[in-house]
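Reading the structure
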Amino acid sequence: MKKLQLVGLVILYTLLSSTVFAAALKDIKGKVTDAGTNQTLPGATIYIPDLKVTAITNNDGEFTLNNLPAKGSYLVEVHYVGYKTATKIVNFANAPVLEFALQPTAIETKEIVITGSIISSTSKRNSASSAVVGKDQLLAPSTNLIDALTRVPGVSQITTGPSISKPVIRGLGYNRIVTLDDGIKQQGQQWGDEHGIEIDQFKSDRIEILRGAASLMYGSDALGGVINILEPSTAPEGQIKGEFITNYATNNGLTANSLMLNGNENGFVWRARGTYKNAYSFKTPTGYFPNSGFNETDLSGMVGLNKSWGYTHLNVSNFRNNIGFYEPALDDNGNFVKEDGAAFITSDFKNRDLDFPRQDIRHFKIALNNNFILGNGNLKADFGYQQNQRRELEDSPEPALFFDLKTYTADLKYYLHETNGWQPVFGLSADAGKSENKADDEFLIPN
């Protein structure tokens, strides 16, 4: 009898849950027009960052956002080439047909600020000093991600060569700056300056930089600021989108190529990207600098669900960077030689083969990002695992230094919807790391 009662309660609960869940679904329609001419704008992109929902206007400038929560207030943003980005906070409980009238502009303004706030908000509603780096700036020829961000006022870098850069915000760097990627703190020896941040320069559509303390939200490491690398927007329902990027730099022959595909079928979303960079030795006013080339390979992917209850995305990335390095030394004839006096394998500085000594940097990461709509609020739950490896090859493929760092991360935040200008947030963050020196010759830091 108890088993039958238990089965009956489970069936009843399932039916009630299904009824409530079905009632919670909602579709919102809208239209995008030119503010001056009132003409419709086909092909405009509508995006809800907190739900990862995307839609595209049809030939009549109309759009439909499907399977949305029946309640709650969310920021909706509209993008269209040649027009100023439009934003609006929409209450889904009584949302009418949305209408966006876009203003033409020759310069795209950065309206959305996510860094420093637990949810998406406009810059007018955020007291933090922040900046946005769009895709156009990230596409500029740069040796690495941080190098591309140094065009932002207040942001600079500490660099010891191509592909080696650490961010500095208003004079603070290393462990005083947090880099977020897929909602997870990047843990890759940020306390050192001998290699850079192991993140693909092209993986994000937008990066937001918080200039100033953000320790309450992101932990003590965020004393100087936060670099938030945002996950690209998903494809509209029923579509598959692609992207190919290539650029070239003349000084060191840097070639960078990146290919991405993403799709969305009934809320099942996926994305795959591959990037490869290669450069030979860079040139100075006095000649080429020996063995200063590098090559970088990055593979990343995502699978997930976007539903009315929120979203869950599983992100995986594998980064590898080989960097040649050199301690300046000259022989009696004024030729470049290695520190021990040995000659380089080749004097052809445009040869893309790296000589010894060199570094082999690898970073593997898995991140599970969730946003669940629960009651009168949202629960964001991010879990991550990272393995960072640093190999230093002195004169053979056998590493003289082999440092291995594993990090586990959990971040939980529950926020209630805004009421009378207040938005309570409750959260918990945890990190656990383990480092080990696997080589017998050199040790970086104690285990």
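That block above? That's the structure.
Now for a look at the structure at hand. (Residues numbered from 1 in each chain as written. Predicted model: local features only at pLDDT ≥ 70, side-chain atom pairs only at ≥ 80, totals over all residues. Heavy atoms only, no water.)

**Some details on the overall build of the protein**
Looking only at helices and strands, one finds four helices and 28 strands in the protein. Scored against the burial criterion, the 447 residues of the protein give a buried share of 49%. Counted over contacts in the protein with a minimum sequence separation of 6, partners at least 24 positions apart contribute 60%. Accessible surface computed for the protein: about 21,500 Å², of which carbon and sulfur atoms make up 56%. (Helix = DSSP H or I, 4+ residues; strand = E, 2+ residues; numbered from the N terminus. Buried < 20%, exposed > 50% of the residue type's maximum accessible area, 1.4 Å probe, protein only. Contact = heavy atoms within 4.5 Å. Areas by Shrake-Rupley, 256 points an atom, 1.4 Å probe, with all protein chains shown as cover.)

**Points about empty space enclosed by the protein**
Across all of its chains, the model carries five cavities of 30 Å³ or more by this definition. As for the largest cavity, its lining consists of K166, P167, Y174, I177, V178, T179, Q186, Q187, G188, Q190, I197 and E198. Taken together, the elements giving at least two residues each to the lining of the largest cavity come down to β12 (164-169) and β14 (177-181). At three residues, β14 tops the list of elements feeding residues into the lining of the largest cavity. By residue class, the composition of the lining of the largest cavity is five nonpolar, five polar and two charged. (1 Å grid on protein atoms, 1.4 Å probe; cavity = no way out; pocket = protein on both sides within 12 Å on 5 of 7 lines; lining within 4 Å. Points joined across faces, edges and corners; volume = space filled by probe spheres on them. Nonpolar A, V, L, I, M, F, W, Y, C, P; charged D, E, K, R; others polar.)

**Examining the nonpolar core**
Formed by 24 residues in total, the largest nonpolar core has its most connected members in V32, I48 and F100. Looking at this core, the elements that each hand over two or more residues are β1 (25-34), β2 (45-48), β3 (53-56), β4 (62-69), β5 (73-79), β6 (86-91) and β7 (98-102). When near neighbours in sequence (up to four residues on either side) are disregarded, V32 contacts Q39, T40, L41, A44, I46, T57, G61, F63, V78, F100 and L102. Core analysis: the second largest hydrophobic core is formed by 17 residues, V133, L145, I177 and I229 among them. (Core = buried A, V, L, I, M, F, W, Y, C linked by side-chain atoms within 4.5 Å.)

**Re the pattern of salt bridges**
Taken as a whole, this structure holds 16 salt bridges when the rule is applied. Put simply, R206 and E77 hold a salt bridge, and the shortest N to O gap is 3.5 Å. Of the two residues, R206 is situated in strand β16 (residues 206-211) and E77 in strand β5; the sequence distance between them amounts to 129 residues. Note on R206: relative accessible area 17%, which makes it buried. K413 serves as the salt-bridge partner of D411, at 2.7 Å between the closest nitrogen and oxygen. In terms of burial, D411 and K413 fall into one category: buried. Put simply, K135, D205, E243 and R273 are held in one network by salt bridges that share partners. (Salt bridge = Lys/Arg side-chain N within 4 Å of Asp/Glu carboxyl O.)

**Some remarks on the sheet that holds strand β27 (residues 401-416)**
Across the sheet, which stays open at both edges, the nine strands sit in the order β18-β19-β20-β23-β24-β25-β26-β27-β28 with antiparallel pairing between neighbours. If you trace the sheet from one side to the other, it starts and ends with β18 (240-249) and β28 (425-437), each paired once. In this sheet, neighbouring strand axes are inclined to one another by 5 degrees on average, regardless of whether the strands run parallel or antiparallel. Two elements, β18 and strand β19 (residues 254-265), share ten bridges in a ladder whose sense is antiparallel. Across the sheet, residue G242 finds its bridge partner in β19, namely L261. (Pairing = 2+ DSSP bridges. Axes fitted to C-alpha atoms, helices over the stretch in contact; angles between N-to-C directions.)

**A word on the sheet that holds β14**
With respect to topology, five strands assemble into an open sheet ordered β10-β16-β17-β14-β15, the strand pairing being mixed. Each edge of the sheet is formed by a strand with only one pairing partner; in this case those strands are β10 (130-134) and β15 (184-185). With five bridges joining them, β14 and strand β17 (residues 225-229) adopt parallel strand pairing. Along β17, the bridge assignment pairs L180 with N228.

**What about unusual backbone geometry?**
The linkage connecting F356 with the following residue, P357, adopts the cis geometry, with an omega of 0 degrees. Relative to the elements of secondary structure, P357 occurs in the loop between β24 (310-324) and β25 (358-374). In this structure, R170 is a non-glycine residue whose phi angle is positive, near 50 degrees. Mapped onto the elements of the fold, R170 is located in the loop between β12 and β13 (172-173). The backbone phi angle of N266 is positive, close to 55 degrees, even though this residue is not glycine.

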